Every structure is written in structure tokens, then in C-alpha cells.
Amino acid sequence: MPGHRGVDPPTLLVAHGCWYPSADPTGEHVAFICDRAGVPQLWSGPARGTEVHVLDGDPDPVTEVSWSPDGRWIAYTSAPGGGEHTRVLVVRPDGSGRQVLAGAEAGSAAHLGCWTRDGTALAVTVAQPSPVPEASRHAAGGATVADLAPAPSGGLAAYLVTPDGTDGPRLLFSEEGAASLRVCDMSADGRFALVRRGPRGRREALVLDTASGRATFALHVADGDPWIGRFSADARTLWLRSDAEREFAALLRVRLDERGRSPGPSVAAAREDCALDLLSLPDHGRWALLAWNAHGATELESVGLGLGRTEEEADVGPRHHPVLPHEVVTRIAPLERGGLFAALSGSRRRPGIWELDEALVPARAEWSARDEDAVPPGRPPVRPVPLRCEARDGLVLGGWYYRAPGHDPGRPAACVIHLHGGPEEQERPVFNPLYHELLGRGLDVFAPDVRGSSGWGRSFVDADLGAGRFAAIDDVADCAAHVVSLGYADPLRLGVMGRSYGGYLTMASLVWHPDLFRAGVAVCGMSDFATFFAGTEPWIAQSAAAKYGHPERDRELLRALSPMSRIDQLRAPVLAVHGEHDTNVPPGESEQFVRAARERGVPARQLTLRDEGHDFLRADNRRLYRRTAADWLERHLGPTP
């Protein structure tokens with residue numbers, strides 16, 4: 001890109017979060033995301049050494065990274081202005097040659113897919129692409145995907161793009177009105193592509209014949225990490241992370257014939273009480289790395305995939321279980337020579353990058369965050385304890401309780417119920433600066449998984465569908481009652497807050513249980529489903545309809561579930577926080593709730609964060625959000641005396 005200065009002088013990184021590693025083919029260097037400059041940026045450095053470089057110093061937050069198999073390019077996704085319409089770029093490992101491959105136009109969006117096995121082309125998904133004439137379906141005349149303008153009809157399309165411009169974009173697959181689409185892998189000979197598509201709760205893996213663009217096999221796959229699987233080296237086996245006809249996601253083996261067809265999957269590795277969270281396989285396909293979600297914490301496992309056998313006899317072989325220094329693995333980058341890079345996070349530690357050798361012994365990268373940098377000096381670290389509680393209808397809920405330092409364990413404290421987004425997200429013991437901010441003010445935090453959360457099986461995820469959402473709202477009250485009954489929380493000093501779906505639940509809890517909470521903080525939440533569906537992105541609306549209800553057919557249910565329909569019940573002061581560029585949940589959702597609260601004499605305030613979308617990615621805005629929320633809750637709840 002003109003004017004780009006290339007690689008910055010080397011520097012040593014400590015006391016900053018580092019995540020999303022991707023290694024070069026030798027395993028000697030790793031690209032990653034770091035927020036040293038206050039915004040997530042693209043960096044690279046040696047596996048063993050201290051000096052690292054920033055490869056893209058622009059202020060646009062970086063969200064994903066992928067080093068090409070031939071080592072010549074690093075692909076990554078960034079969010080211009082911090083908004084939701086991302087774009088895909090590539091840069092040389094030395095910082096030169098940066099260019100936008102897709103998503104350059106205003107109003108368009110592009111997402112990163114996989115590299116071809118030889119590294120010559122990259123798959124990208126473009127939202128709302130222009131229709132491609134049938135005659136040019138596999139040769140777009142030398143244009144780049146970045147040149148394709150949005151189409152009024154909307155939809156998603158997946159292309160193969162060559163960063164060096166030797167070939168024009170090649171269309172792999174397109175779908176009108178699609179909610180999501182990602183190319184997860186290409187077979188070594190390029191004949192087949194593995195595509196994940198569909199709205200949340202109804203994800204599907206497709207095997208595509210790239211010559212015809214037709215699907216040869218389809219199977220339901222779990223929500224969560226989009227990198228759902230890979231082909232074996234000869235494309236006769238597909239390894240998938242899927243919960244098809246299962247309560248918990250497992251490793252499935254899919255036998256494929258020469259046309260990409262299959263009689264169906266078989267289970268290669270599974271656990272009865274927890275789900276496969278991450279699946280990662282090197283190109284050689286001799287072994288796989290599995291990250292199991294044991295009710296929030298990660299159990300990492302390396303398994304052999306039939307080394308020395310034919311594909312017909314391949315089976316899962318010996319297993320190795322490393323001891324991890326942190327509770328949660330968020331990303332795995334396997335190495336061809338053995339071992340891996342992993343992004344790890346813990347409740348008391350910043351996210352950092354560790355290398356695990358062939359014996360899976362972990363060693364922190366010298367430039368990554370140190371454990372002692374996670375918590376401010378002089379403040380003792382807090383390790384949460386897992387809690388289980390029973391909802392009023394008998395469903396067992398889970399969560400994590402954080403006790404503020406210095407509290408008399410026999411005395412109830414002011415407590416904030418914090419609700420995650422999704423609804424299919426899960427509360428996990430990762431480093432959360434917001435929690436440490438609240439704990440530093442003398443406020444306890446209970447972070448539950450109400451029904452609809454992931455990590456507890458498909459039945460639990462689906463328990464909030466349709467009218468089941470009323471029970472999810474009651475779950476919040478039941479969680480508050482539980483920590484009060486344990487003597488942890490003071491019933492007269494309870495607060496509630498959450499982001500995205502958690503912001504919706506916060507507003508809903510304040511109007512369904514108006515006498516329970518003394519204050520609330522609703523972040524990027526939906527206050528009225530009618531206005532939400534009218535204003536959100538089309539693909540978000542498609543996913544939301546599967547979870548909450550159809551905006552036309554289920555209009556009365558959605559009206560009844562909308563916090564605005566019960567705004568007259570609001571009693572507690574409420575702070576609403578929103579990113580100005582949020583197109584997932586438009587800022588008007590917060591504005592109308594705050595306006596209605598004020599009209600009824602209830603104290604209410606809105607904080608709008610500039611240059612942010614649905615996720616808050618800039619350090620200064622994150623600090624402002626944390627401090628404003630903590631000030632609000634401390635003011636209305638008060639710390640424990």
C-alpha cells in the first residue's frame with residue numbers, strides 16, 4: 001500500500017496481551033496480534049528470541065492472522081474504524097507489499113479463509129458481492145476481489161485470490177441471503193473445498209467440488225471456532241469437529257470417495273461430558289491437536305491419526321496430555337516438525353503465546369506477556385471458583401464467582417451479576433480486566449452461564465429458544481438468589497450488567513425483576529426486537545431469527561420478550577454503553593431505552609464509544625468503559641464496608 005513504512009525497528013514486548021499465533025513453514029517465526037500500541041495490530045517475531053516487529057502500524061484493529069504455507073505472505077483481517085465491516089489484507093514477512101485483497105469498499109465486508117496447500121492462493125469471503133456472470137465463474141478477468149462492488153440483493157460469496165496477481169479471483173461458492181460462509185480448507189489437489197455455512201445453531205459443513213461448485217457432502221457442525229476441520233493429504237478422509245446427532249462436539253472421521261461423497265461419519269474421539277472446542281491438524285495429517293472444553297477450562301490433547309497405515313485403516317492412536325500453565329487455550333497453530341504455538345489465557349494472567357515442543361512441554365515466548373504483569377501492582381490476584389446452581393424449573397446452571405480481595409468471607413458483599421453475550425458464548429476463566437476493575441472497587445462478580453450458553457451440551461444451548469427465553473431471564477434472578485443464599489452476596493446491593501445478548505438480558509432483568517437489582521449496566525444490548533431486526537445487518541437478522549423468533553411470524557412473542565414492552569417496570573438506575581459504529585446491534589437500541597427511562601424519572605446515562613463497533617478494541621475506549629461502568633456500580637451499590 002503506498003506510503004506504508006514497512007517493518008518498524010525491533011522491540012521487546014512485555015506487559016501486553018498477545019494472541020492469535022500463526023507460524024511460518026519452518027516454525028522458527030510466528031505472526032500474532034498484540035495491543036502494545038493500544039489497538040490490536042499485526043506483529044511478528046522469532047519463536048526463540050526477544051525482538052519482534054510490528055508489520056502493520058495502522059490504527060485499524062486486527063482480528064485474525066494466517067501465514068501462508070510457502071512462507072511468502074501473511075494474511076490478516078482488520079476492521080476499519082473499529083466497525084463491523086472487516087477487510088482482508090496480505091503483507092510480506094519483511095513488512096513490504098501490503099495490499100487489500102477484499103473488503104475495500106464502503107459498506108462491504110470480507111473475511112479470511114484458508115490458504116491453498118501450496119500457499120499460492122487465499123480463500124476469502126465477501127459479503128454482498130456483485131453477481132459474477134456464469135461465463136466468468138472461474139476466471140474474473142484479472143480484477144481483484146477488492147474491485148467487486150456490493151450488490152443490492154445481498155449475499156455471501158467465497159473466492160480464491162492470488163496475492164501476487166497472477167490470476168484473477170476464482171468464485172468457489174455463493175449464496176443469496178447467507179448468514180455466514182467460510183472456506184476452512186482446500187484439498188491438496190484443489191478438487192475439494194471444505195466450507196462452513198449457515199446461521200448459529202444451524203451451522204453446516206459442506207464438501208464442495210470446486211470444478212462444478214456443487215456440494216458432495218453436508219453435515220451439521222457445532223457453533224464456536226469457525227475452523228471446523230481439514231482434509232487428509234490424499235483427500236480420502238475429512239476430519240471434522242461436529243456435534244451432529246450428539247450432545248457434545250467430537251472429532252469425526254468422514255470417508256470420502258473419489259467424487260467427494262461419503263456414506264457418513266464415524267466418531268474418532270469423543271468425551272461424554274465435554275465438547276471438542278478447537279481442532280487443529282498440520283498438512284501432513286499424521287496427528288491432530290484437540291482442545292476439550294471441560295466446563296470452561298481447556299484440556300489439550302495430541303492424538304495420532306493412523307501413522308504408517310492406509311487411509312482405510314487409519315485410526316486415532318496414542319494420546320498425550322500436556323499440563324498447561326493457564327486455564328484456557330484460545331488458539332492453536334501446529335508445526336509441521338512437531339509441537340505447536342498456542343494462545344493461552346487465565347483468570348489472573350494476560351493472554352500470551354507459548355510454544356509447546358514435540359513432547360508438548362510449554363515454554364512462554366520471551367516477548368509475550370509475563371504472569372506478573374496481569375494484575376496491577378499491590379493488588380492480589382483473584383482466582384474464581386466454579387459454582388453450580390439450580391434454576392426454578394430444575395435446570396442446573398454453572399458459572400464462576402470472583403471474591404473481591406480483603407472481604408470477610410463470612411460477610412455478604414456487594415455483587416455484580418455479569419452476563420456474557422451470544423447467547424451461545426460461555427463464561428470461561430480467562431483474564432478479564434473489567435472483572436479486576438470491579439474487584440478493585442470492592443465489588444464481587446458472579447459470571448453465570450444461563451440457559452442458551454455453550455459448553456454444557458446442545459440441549460442446554462437450545463433451552464432458551466422461542467418462549468424459553470422467558471426462563472433465561474428468570475435464570476438471572478435465580479443465579480442472584482443462589483449467591484445470596486450462599487452468604488456471598490448482599491441482597492440489598494446486587495447489580496447486573498452484560499454485553500451484546502448480555503446487554504439484552506441486563507435490560508430484561510431490570511424490567512422483569514425490578515426489585516431485585518439496585519443498578520444495571522447494559523452494553524450493546526437489544527431493547528426492542530422490532531427495531532433491532534429493522535436496523536441490524538441482514539446476515540445477523542437471519543441468525544437472530546433462528547434464536548429469538550421470526551420478526552413477522554413471531555411478532556407477538558418478540559414484542560413480549562422486548563424490554564421496551566415493560567419499561568414502566570424499570571426502577572433501577574441504568575447505564576447504557578454502545579460503540580458508535582455498531583451495525584450488529586445499532587446504537588439506537590441503547591438510546592431508546594435510556595430516553596424512556598429518563599422520561600419515567602429513572603436515572604439513566606448513555607456512554608457512546610467513538611471509533612468502536614460491537615466489540616471494543618481500542619485500549620483507551622476499553623479503559624473508559626471499565627472505569628465508567630465501575631464508577632456507576634460503585635456509586636449505586638457501594639463497596640463492602
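Attention in this report is confined to the structure presented alongside it.

Let's talk about the sheet that holds strand E32 (residues 444-449)
Spatially, the 8 strands line up as an open sheet ordered E29-E30-E32-E31-E33-E34-E35-E36, and their pairing is mixed. Among the strands making up the open sheet, the edge pair consists of strand E29 (385-390) and strand E36 (604-609). Averaged over all pairs of adjacent strands, the angle between their axes in this sheet comes to 20°, without regard to strand direction. In terms of strand pairing, strand E33 (residues 489-499) meets strand E34 (residues 519-523) through 5 bridges, oriented parallel. When the bridges of E34 are listed, Gly498 appears paired with Ala522. On the sheet, helix H1 (residues 433-440) packs against strand E30 (396-402), strand E31 (413-419), E32 and E33 and is oriented at approximately 145° with respect to E32. Running over the sheet, helix H8 (residues 588-599) touches strand E35 (574-579) and E36 and is turned about 160° from E36.

A word on the packing of helix H3 (residues 468-485) against helix H4 (residues 501-512)
Relative orientation of the contacting elements H3 and H4 amounts to 80°, with a least axis distance of 9 Å. Classified by the interaxial angle, the pair formed by H3 and H4 is roughly perpendicular. For the pair H3 and H4, the contacting residues are Arg469, Phe470, Ala472, Ile473 and Val476 in the first and Tyr501, Tyr504, Leu505, Ala508, Ser509 and Trp512 in the second. Tallied by class, residues from the contact of H3 with H4 come to 9 nonpolar, 1 polar and 1 charged.

Considering the packing of aromatic side chains
Aromatic rings considered in pairs are described by the distance between their centres and by the relative angle of their planes. The tally for this structure, following the rule as stated, stands at 13 aromatic pairs. Judged by centre distance (6.4 Å) and plane angle (45°), the rings of Trp456 and Phe460 are tilted. The burial state of Trp456 is the same as that of Phe460; both residues are buried. An aromatic cluster is present here, built from Tyr501, Tyr504, Phe529, Phe532, Phe533 and Tyr548 joined pairwise through their rings. Across the ring face of Trp512, the terminal group of Arg566 is positioned such that the distance to the ring centre comes to 4.7 Å. In this structure, Arg635 is placed above the aromatic ring of Trp632, and the distance from its NZ or CZ to the ring centre is 5.5 Å.

Notes on unusual backbone geometry
Put simply, Gly422 and Pro423 share a cis peptide bond, and its omega is 15°. Within the secondary structure, Pro423 is located in the loop between E31 and H1. Within the chain, His295 stands out as a residue other than glycine whose phi angle is a positive 55°. Note that His295 resides in the loop between strand E22 (287-294) and strand E23 (297-305). Even without being glycine, Cys524 reaches a positive phi, approximately 55°. Tracing the chain through its elements places Cys524 in the loop between E34 and helix H5 (529-535). In this structure Cys524 comes out as buried when scored by relative accessible area, which is 0%.

Considerations on the sheet that holds strand E11 (residues 156-161)
In space, the 4 strands of this open sheet follow the order E9-E10-E11-E12, with antiparallel pairing throughout. Strands with a single pairing partner mark the edges of an open sheet, and in this sheet they are strand E9 (109-115) and strand E12 (170-175). The mean angle between the axes of side-by-side strands here comes to 20°, regardless of whether they run parallel or antiparallel. Sheet analysis places E9 next to strand E10 (residues 122-127), joined by 5 bridges and oriented antiparallel. Within E10, the position partnered with Trp115 by the bridge is Leu122.

Thoughts on H4
If you check H4, its first and last C-alpha atoms are 16 Å apart, about what 12 residues at 1.5 Å a residue would give, namely 16 Å. Every buried residue of H4 is accounted for by Tyr501, Gly502, Gly503, Tyr504, Leu505, Thr506, Met507, Ala508, Ser509, Leu510, Val511 and Trp512.

With respect to the packing of H1 against helix H9 (residues 619-637)
The geometry of H1 relative to H9 is characterised by a closest axis approach of 10 Å and an angle of 35° between their N-to-C directions. Our pair here, H1 against H9, has a crossing hand that is right-handed. Residues Pro433, Leu434, Glu437 and Leu438 of H1 lie in contact with H9, whose contacting residues are Tyr625, Arg626, Arg627, Ala630 and Leu633.

The rules we used
- Residues numbered from 1 in each chain as written.
- Predicted model: local features only at pLDDT ≥ 70, side-chain atom pairs only at ≥ 80, totals over all residues.
- Heavy atoms only, no water.
- Pairing = 2+ DSSP bridges.
- Helix = DSSP H or I, 4+ residues; strand = E, 2+ residues; numbered from the N terminus.
- Axes fitted to C-alpha atoms, helices over the stretch in contact; angles between N-to-C directions.
- Contact = heavy atoms within 4.5 Å.
- Parallel < 35°, antiparallel > 145°, perpendicular 65-115°, else oblique.
- Nonpolar A, V, L, I, M, F, W, Y, C, P; charged D, E, K, R; others polar.
- Phe/Tyr/Trp six-rings, centres within 6.5 Å; stacked < 30°, edge-to-face > 60°.
- Buried < 20%, exposed > 50% of the residue type's maximum accessible area, 1.4 Å probe, protein only.
- Lys NZ or Arg CZ within 6 Å of the ring centre and 35° of its normal.
- Expected span 1.5 Å × (residues − 1).
- Left-handed = near helix turned anticlockwise from the far one by under 90°.

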